[in-house]
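Topology and contacts: notes
Take a look at the letters that make up each chain.
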Amino acid sequence: MVSDAFNEEKGNYITIANDPRFTTLGLFLNRYKLNELPQLWNVLKGQMSFVGPRPDVEGYADRLTGDDRKILSLKPGLTGPATLKYRNEEELLAQQADPLTYNNEVIWPDKVKINLKYLEEQSLLTDLKYIFRTIFH
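Values in this document were obtained by computation on a predicted structure and should not be read as measured data.

Looking at the packing of aromatic side chains
Enumeration according to the criterion identifies three aromatic pairs in this entry. Between Tyr60 and Trp108 the ring centres are 5.5 Å apart and the planes differ by 55°, which places this aromatic pair in the tilted class. Of the two residues, Tyr60 is situated in the loop between strand 1 (49-51) and strand 2 (77-79) and Trp108 in helix 5 (residues 99-121); the sequence distance between them amounts to 48 residues. Judged by its relative accessible area of 11%, Trp108 falls in the buried class. For the ring pair Phe132 and Phe136, a centre distance of 4.8 Å and an interplane angle of 45° mean the geometry is tilted. Its end group placed over the ring of Tyr60, Arg63 keeps NZ or CZ at 4.3 Å from the ring centre.

Have a look at this one:
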């Protein structure tokens, strides 16, 4: 992304399809999800898992209250049920008149619910299912 892409004064930490803050190389890497490859190193180091909630951008975890905070006990993952449901999140946000509001009021709360359900149903078999669906979507 261009320098200063996540300036707090601009108030936008989410990205949309063809976001003008992306460089040409950044667009290519993001489009083909190659920007995610370095996170494999985090999995190998034990900081992340293959399946779990995606790490949120700055400030979102701070909004969790009550039982919703239980999802913080999960290691962040490369994929998971919310990731699969919102595979086209950037395109979905690009279609909204106010992408940030839509993200904050619709997508993010839904991801919290999905991740809470994943926490309750987590098993090796469900993790393998999510990995398979991610690879062979």
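Structure's up, so let's keep going.
Remarks on the side chain of Lys111
Among the secondary structure elements, Lys111 is positioned in helix 5. Apart from residues lying up to four places away in sequence, Lys111 is in contact with Ala82, Tyr86 and Glu89.

Topic: the pattern of salt bridges
Pairing of side chains with opposite charge becomes possible as their charged atoms draw close. Tallied over the entire structure, the rule returns three salt bridges. Across the pair Lys85 and Asp110 runs a salt bridge whose closest N-O atoms are separated by 2.7 Å. Of the two residues, Lys85 is situated in helix 3 (residues 81-85) and Asp110 in helix 5; the sequence distance between them amounts to 25 residues. What makes Lys85 partly exposed here is its relative accessible area of 49%. A salt bridge links Glu89 to Lys111, with the shortest nitrogen-to-oxygen separation between them at 2.7 Å. One end of the pair, Glu89, is in helix 4 (residues 89-94); the other, Lys111, is in helix 5, with 22 residues separating them in the sequence. Accessibility assignment for this pair places Glu89 and Lys111 in one class, buried.

Examining a positive patch on the surface
On the surface, Arg87, Lys117, Lys129 and Arg133 cluster together into a patch of positive charge. Note that Lys129 resides in helix 6 (residues 124-135).

Examining the side chain of Asp110
In this structure Asp110 comes out as buried when scored by relative accessible area, which is 18%. Not counting the four nearest positions on each side in its chain, Asp110 is found in contact with Lys85 and Tyr86.

Conventions we followed
Residues numbered from 1 in each chain as written. Predicted model: local features only at pLDDT ≥ 70, side-chain atom pairs only at ≥ 80, totals over all residues. Heavy atoms only, no water. Phe/Tyr/Trp six-rings, centres within 6.5 Å; stacked < 30°, edge-to-face > 60°. Helix = DSSP H or I, 4+ residues; strand = E, 2+ residues; numbered from the N terminus. Buried < 20%, exposed > 50% of the residue type's maximum accessible area, 1.4 Å probe, protein only. Lys NZ or Arg CZ within 6 Å of the ring centre and 35° of its normal. Contact = heavy atoms within 4.5 Å. Salt bridge = Lys/Arg side-chain N within 4 Å of Asp/Glu carboxyl O. Patch = residues over 30% accessible without salt bridge, like charges linked within 9 Å, V, L, I, M, F, W, Y side chains within 5 Å. Areas by Shrake-Rupley, 256 points an atom, 1.4 Å probe, with all protein chains shown as cover. Lys, Arg positive; Asp, Glu negative; His and termini not counted. Charge placed at Lys NZ, Arg CZ, Asp CG, Glu CD.

So far we have only geometry, and geometry alone does not tell us how the molecule works.
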